[in-house]
Amino acid sequence: MKLELQQVSRWYGNVVAVNGISMTIGPGVTGLLGPNGAGKSTLIHMMGGFMAPSSGSVALDGTRIWKNPEVYRHMGLVPEREAAYDFLTGQQFVLAMAKLHKLPQPGAAAQRAIGLVEMGYAEDRMIGTYSKGMKQRIKMASALVHDPPVLLLDEPFNGMDPRQRLQLMDLIRGMAAEGRTILFSSHILEEVERLAGHIEVIVAGRHAASGDFREIRRLMTDRPHVFVVRSGDDRRLAAAIIADGSARSVQLTDAGLQVEAVDFRRFTWLLPRVARDADVRLWEVSPSDESLESVFSYLVGT
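Definitions and cut-offs
Residues numbered from 1 in each chain as written. Predicted model: local features only at pLDDT ≥ 70, side-chain atom pairs only at ≥ 80, totals over all residues. Heavy atoms only, no water. Core = buried A, V, L, I, M, F, W, Y, C linked by side-chain atoms within 4.5 Å. Buried < 20%, exposed > 50% of the residue type's maximum accessible area, 1.4 Å probe, protein only. Contact = heavy atoms within 4.5 Å. Helix = DSSP H or I, 4+ residues; strand = E, 2+ residues; numbered from the N terminus. Pairing = 2+ DSSP bridges. Axes fitted to C-alpha atoms, helices over the stretch in contact; angles between N-to-C directions.

It is worth spelling out the nonpolar core at this point. Ranked by internal contacts, the top residues of the largest apolar core, which has 49 residues, are Val94, Met140, Ile172 and Ile199. The residues touching Ile172, leaving out its near neighbours within four places in the chain, are Val29, Met140, Leu153, Phe157, Ile182 and Leu195. If you look at the next biggest cluster of nonpolar residues, it comprises 24 residues, including Val18, Leu43, Met47 and Leu60.

Rendered as structure tokens:
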């Protein structure tokens, strides 16, 4: 299933939270990125049908989401805020969600969902006694209880320890492999880099970038690309690169040559030829500023 946003805006009086955003979220894992206050949660609330767009449309497979309870048969939501009842046990909370969805076997569905997030050991404890990470996992169970094909996860890893994070990452990867549509926001870029095959970046309420973050970096022609190059003779190769003029700057470091190239594709095409003409063997050529952290920093201008 696909979530489709067409020119979506949301404002509060004179404050514009989201401004003219269009995007399509399809099967697989999509990471939603942006600085605090960029409009990520507002966007997720509109996708989840909890907030009306001030203008534009939000639809699930062509069916509008706002004021359409039927879409919740196909969608699970994990909000950032702690939206659970502290006076219920974990099992009671997830069972209540199963009953609200009118599942034919609510008890079995609740147990399955609790098992998926590995919370069986604490299902009979009051949610008020749970840690932050445990509350996140029981919310995840409530979102999965009706086995939805679409999941909206707002900071789902908050408060989880490393083992819990790894388990939830494996669960999300497995669900994506089944063809589900999963959108999640996170302020921890390493999580997004490890999980998301596609990213959507929101900056100051506007859509800043979309796609694979490595390809986004390569399209940034206004910023020099930084490579680390190791070879059989770094000094000789550095002289050849400088003489050729295919790079803005070359520095000799302990890790090899650090090369700033203005044109990504031109440099990667020219470098093997420069090395061949200089009779220097290349051992390694790797972009050093193509991580998600670097791409995100470039996009938000920090």
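Continuing now.
With that out of the way, let us pick up the environment of Arg235. Residue position: Arg235 is located in helix α8 (residues 234–244). Sequence separation between Arg235 and Pro149 is 86 residues; the distance between their C-alpha atoms is 55 Å.

Strands sit in the order β12-β13-β11-β14 across an open sheet of four strands; the sheet is antiparallel. In the strand order of this sheet, the two ends are held by β12 (249–253) and β14 (282–287), each with one partner. Across the sheet, the mean angle from the axis of one strand to that of its neighbour is 20°, orientation sign disregarded. Sheet topology note: the β12/strand β13 (residues 256–261) ladder contains five bridges and is antiparallel. When the sheet's bridge partners are listed, Val250 is paired in β13 with Val259. Sitting on the sheet, α8 is in contact with β11 (225–231), β12, β13 and β14, with an inclination near 15° to β13. Helix α9 (residues 264–277) contacts β11, β13 and β14 of the sheet and is inclined by roughly 20° relative to β11.

This part is about the pairing of strand β10 (residues 206–211). Bridge count for strand β9 (residues 198–203) against β10 is five bridges, and the pairing is antiparallel. Paired with Val201 across the two strands is Ala209, which belongs to β10.

Structurally, the position occupied by Ser249 is in strand β12. What makes Ser249 partly exposed here is its relative accessible area of 27%. Taking the C-alpha atoms as reference, Ser249 lies 9.5 Å from Val226; in sequence the two are 23 residues apart. Dropping the residues within four chain positions of it, Ser249 is found in contact with Gln258, Val259 and Glu260.

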